[in-house]
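# A closer look at the structure
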Amino acid sequence: MGILEVRGVSKSFDGRPILDRIDLTLNQGELVCLLGVSGGGKSTLFNIISGLLTPDSGQVLLDGHDVTGCPGHVSYMLQKDLLLPYRTVQDNVILPLLLQGIPRSEALKTAHSLFDAFGLDGTQRLYPTQLSGGMRQRAALLRTYLFSRKVVLLDEPFSALDALTKSAMHRWYLDVMDRMPVSTLFITHDVDEAILLSDRICLLSGTPGRITHQISVPYPRPRPDDFKLSQGFLACKKQILSLL
Amino acid sequence: MTKKLPSITNKLPALIAGAGFVLLWQLVCSLGLVPAYMLPSPADVLRAFWFERVLLWENALITLKEAFIGLGLGVLLGLVFATVMDSVPVLRRAIYPILVLTQTVPTVAIAPLLVLWFGYGLTPKIILIVITTFFPVTVGLLDGFAAADPDAVNLLRSMGAGKWQIFRYIKFPGALSQFFSGLRIAAAYCVVGAVISEWLGGFGGLGVYMTRVKKAFAFDKMFAVIFLISAVSLGLMALVDLARRLCMPWQRVHENKEQ
Ligand SMILES: Nc1ncnc2c1ncn2[C@@H]1O[C@H](COP(=O)(O)OP(=O)(O)OP(=O)(O)O)[C@@H](O)[C@H]1O
Ligand SMILES: [Mg+2]
């Protein structure tokens, strides 16, 4: 059994079905990507997994415990970075710790060592508007990471970045994943990104959305820089494009 | 240093216009175009101000005391009302229209009533100031609370935050800007409110001083006290701006970025 199990989750909005009996498993240390067209219900599924929304039917199990409709169990980075403009970078990233009742000084100590690992050293006292797009995203990731290292949901974490920053962030995130064992479920529209980062790709398609295919990407992480040009990568891409 | 220069050049036209106006006023008086007892010259006003400085100071202190107590209570009440109304939507829908309605009743109209009910002491003055300052603060806060980004609220909810934590970390800091805009208006109102209530009866304050010099037809003193009242109002507003800068240091960063 995986660390996160989604079982038969369905959801409709105002009588319009969006998700239809979604089944999904995330194993310990795995990086799974949810790939699908815009408006397909990906964010809705994340809102359900995080407990912000309650599904019409079905269950979300975390470590075997039913957490359906209960927020506060999995780390969730929403589609926007949502750094609060009135808090410094360090006060933004420690927010999940403050919410758990940890005193600020202690929370800052916990976060301190991670600033370096997340490439944010020196930005502690800046305000979010003073950061570049890539740095904002990393700060949001650090905040997500500080909430819990168990299961991390990332909703299009890199889609707002330019191509160069994006590939730098990919390399960096794979590196982080390598050093810090987290289980990640992430959303993207970008087929290349999906193949590059994930162990497994789940295709969400149709109206209402269903998981129609699961494609494993059986190459060890972190992957070499020329992975994008390899036969395996191209074969994978061809398969996905034919399915979409 | 270089940043200061544009702000001075920006204000230069206004400064010149202001100086020109005073000059013109002095000229009109010096040439005797208007009888001196009706329109004192700027020099006369300055002289009156100097001779009356002790009296003005003592009365200003009384007015300021009323204004501060009233403003403090008004802000406190506004905070409580806005918070409660925001967390109980039914109350918001019930009270908001009434609040707006009460604002159509002019201050000058209720002031005599308050004097009849509460006499010449401090109470009617404080109540009047509370009524006038409470509204802009409450409305500012309510609008600020309502403008909270629902995604930011969701982010906090996903981290297991409760209602109070969402209020503390999202709603309140997000509403600070509107709160200070409301407070600025309230600061301007509170001095005027104090003066109006003093007109109708009291034992001291700039309003009482004003009625006294009016009865004596001392136009120069009248002008002096009018200028003092607007100076005090401006001073209070500047104080609010200062507090805003201190409480919202991130705004300075944003301003710098925009330049
Ligand atoms: N709270 C809501 N109430 C009503 N309809 C909603 C709500 N949230 C989402 N929807 C609808 O559900 C559908 C799926 O939305 P969702 O945000 O999950 O898509 P998505 O796959 O994340 O799209 P994108 O890739 O553009 O982010 C959309 O048609 C959207 O309009
Ligand atoms: Mg989405």
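Above this text you will find the structure in question.
Residues numbered from 1 in each chain as written. Chains lettered and ligands numbered in written order. Predicted model: local features only at pLDDT ≥ 70, side-chain atom pairs only at ≥ 80, totals over all residues. Heavy atoms only, no water.

Turning our attention to the overall build of chain B. From N to C terminus, chain B includes eleven helices and zero strands. Mapped in sequence order, the helices and strands of chain B form the string α-α-α-α-α-α-α-α-α-α-α. Principal-axis analysis of the C-alpha atoms gives chain B an extent of 75 × 55 × 30 Å. Scored against the burial criterion, the 259 residues of chain B give a buried share of 39%. Computed over 22 positive and 13 negative side-chain charges, the separation of the two mean positions in chain B equals 3 Å. (Helix = DSSP H or I, 4+ residues; strand = E, 2+ residues; numbered from the N terminus. Buried < 20%, exposed > 50% of the residue type's maximum accessible area, 1.4 Å probe, protein only. Lys, Arg positive; Asp, Glu negative; His and termini not counted. Charge placed at Lys NZ, Arg CZ, Asp CG, Glu CD.)

Once that is clear, we can look at the environment of Thr104(B). Residue and element names in this part refer to chain B. With respect to the secondary-structure elements, Thr 104 resides in the loop between α4 (89-102) and α5 (107-118). According to the relative accessible area criterion, Thr 104 is exposed, its value standing at 63%. In this structure, the C-alpha to C-alpha distance between Thr 104 and Phe 118, residues 14 residues apart in sequence, is 23 Å. At a separation of 2.5 Å, a polar atom in the side chain of Thr 104 contacts the main-chain carbonyl oxygen of Leu 101. (Polar contact = N/O pair within 3.5 Å; in protein donor to acceptor, adjacent residues only side chain to side chain.)

Residue and element names in this part refer to chain A. Taken as a whole, this structure holds one cavity of 30 Å³ or more when the rule is applied. Roughly 70 Å³ of volume is contained in the largest cavity. As for the largest cavity, its lining consists of Phe 118, Leu 141, Thr 144, Tyr 145, Val 152, Leu 154, Tyr 173, Val 176 and Val 182. Elements with a minimum of two residues in the lining of the largest cavity: α5 (133-147), β7 (151-155) and α6 (163-179). Per element, the largest residue contribution to the lining of the largest cavity is three residues, and it comes from α5. Within the lining of the largest cavity, the residues separate by chemical class into eight nonpolar, one polar and no charged. (1 Å grid on protein atoms, 1.4 Å probe; cavity = no way out; pocket = protein on both sides within 12 Å on 5 of 7 lines; lining within 4 Å. Points joined across faces, edges and corners; volume = space filled by probe spheres on them. Nonpolar A, V, L, I, M, F, W, Y, C, P; charged D, E, K, R; others polar.)

Attention shifts here to the side chain of Thr44(A). Secondary-structure assignment places Thr44(A) in helix α1 (residues 42-49). Contacts of Thr44(A), omitting those with residues within four sequence positions, involve Lys11(A), Phe13(A), Ile18(A), Leu19(A) and Leu53(A). (Contact = heavy atoms within 4.5 Å.)

One widely used convention gives an interface's size as the accessible area the parts lose upon coming together. Across the boundary between the two partners, chain A contributes 22 residues, which contact 21 residues of chain B. For the chain A and chain B pair, buried surface summed over both sides reaches about 2,100 Å², with 67% attributable to carbon and sulfur atoms. Broken down residue by residue, the surface that chain A buries against chain B is led by Leu52(A), Tyr86(A) and Leu99(A), which jointly contribute 32%. Applying the counting criterion to the chain A and chain B interface returns two salt bridges. (Buried area = accessible area lost by both parts, 1.4 Å probe. Salt bridge = Lys/Arg side-chain N within 4 Å of Asp/Glu carboxyl O.)

Looking now at the side chain of Ser183(A). Residues and elements named next belong to chain A. Assignment of secondary structure puts Ser 183 in strand β8 (residues 183-188). Looking at Ser 183, the relative accessible area reads 0%, which means it is buried. Within polar-contact distance, the side chain of Ser 183 engages the backbone nitrogen of Gly 29 at 2.9 Å. For Ser 183, the residues in contact, after removing those within four places along its chain, are Ile 3, Leu 26, Asn 27, Gln 28, Gly 29, Glu 30, Arg 149, Lys 150, Val 151 and Val 152.

Residues and elements named next belong to chain A. Taken together, 14 residues lie near ligand 1, and Ser 38, Gly 39, Ser 43, Thr 44 and His 189 sit nearest. Interatomic distance of 2.5 Å between a side-chain N/O atom of Ser 38 and an oxygen atom of ligand 1. Note that an oxygen atom of ligand 1 is positioned 2.7 Å from one of the side-chain N or O atoms of Ser 43. When ligand 1 sits alone it has 630 Å² of accessible area, and the protein chains cover 64% of it. Residue assignment for the shell around ligand 1 shows that the elements contributing at least two residues are β2 (16-26) and α1. Of the residues in the shell around ligand 1, the class split is three nonpolar, eight polar and three charged. (Near = heavy atom within 4 Å. Areas by Shrake-Rupley, 256 points an atom, 1.4 Å probe, with all protein chains shown as cover.)

Residue and element names in this part refer to chain A. Taking strand neighbours across the sheet as the criterion, the six strands line up as β6-β7-β8-β3-β9-β10 in an open arrangement whose pairing is mixed. Every interior strand has two partners, whereas the edge strands, β6 (75-77) and β10 (210-216), have only one. Taking the axes of each pair of neighbouring strands and ignoring which way they run, one obtains an average angle of 20° across the sheet. Across six bridges, the pairing between strand β9 (residues 200-205) and β10 is antiparallel. Counterpart to Ile 201 in the pairing with β10 is Ile 215. On the sheet, helix α8 (residues 231-243) packs against β3 (31-36), β9 and β10 and is oriented at approximately 170° with respect to β10. (Pairing = 2+ DSSP bridges. Axes fitted to C-alpha atoms, helices over the stretch in contact; angles between N-to-C directions.)

Residues and elements named next belong to chain A. Judged by how many residues are buried, β9 sits mostly within the fold: five of six residues are covered. Across five bridges, the pairing between β3 and β9 is parallel. Across the sheet, the residue bridging to Gly 36 is Leu 204, located in β9. From the end of β9 to the start of β10, which pair antiparallel, there are four residues, and Gly 206 there has a positive phi angle of about 85°.

All names here are of chain B. Relative to each other, helix α3 (residues 53-87) and helix α6 (residues 122-146) sit at 40°, their axes nearing to 6 Å. In this view, α3 runs oblique relative to α6, as classed from their interaxial angle. Where α3 crosses over α6, the two elements pack in a sense that is right-handed. Classifying every residue of the contact of α3 with α6 by side-chain character gives 20 nonpolar, six polar and four charged. (Parallel < 35°, antiparallel > 145°, perpendicular 65-115°, else oblique. Left-handed = near helix turned anticlockwise from the far one by under 90°.)

So, about the sheet that holds strand β1 (residues 4-13) of chain A. All names here are of chain A. Read from one edge of the open sheet, four strands run β2-β1-β4-β5, paired in antiparallel fashion. Edge positions in the sheet fall to β2 and β5 (65-66), since each has one partner strand and no second. One ladder, built from two bridges, connects strand β4 (residues 57-62) with β5; its direction is antiparallel. When the bridges of β5 are listed, Leu 61 appears paired with Asp 66. On top of the sheet, α1 reaches β1, β2 and β4; it is set at about 120° to β1, its chief contact.

Here we come to the coordination of the magnesium ion (ligand 2). For the magnesium ion (ligand 2), the full set of protein donor atoms is Ser43(A) (OG) and Gln79(A) (OE1), and the range of their distances to it is 1.9 to 2.4 Å. With Ser43(A) in helix α1 and Gln79(A) in the loop between β6 and α2 (89-93), this pair connects stretches of sequence that are 36 residues apart. (Donors = N, O, S within 2.8 Å, 3.2 Å for Na, K, Ca; no water.)

It is worth stressing that arrangement in space is one thing and function is another; only the former is reported here.
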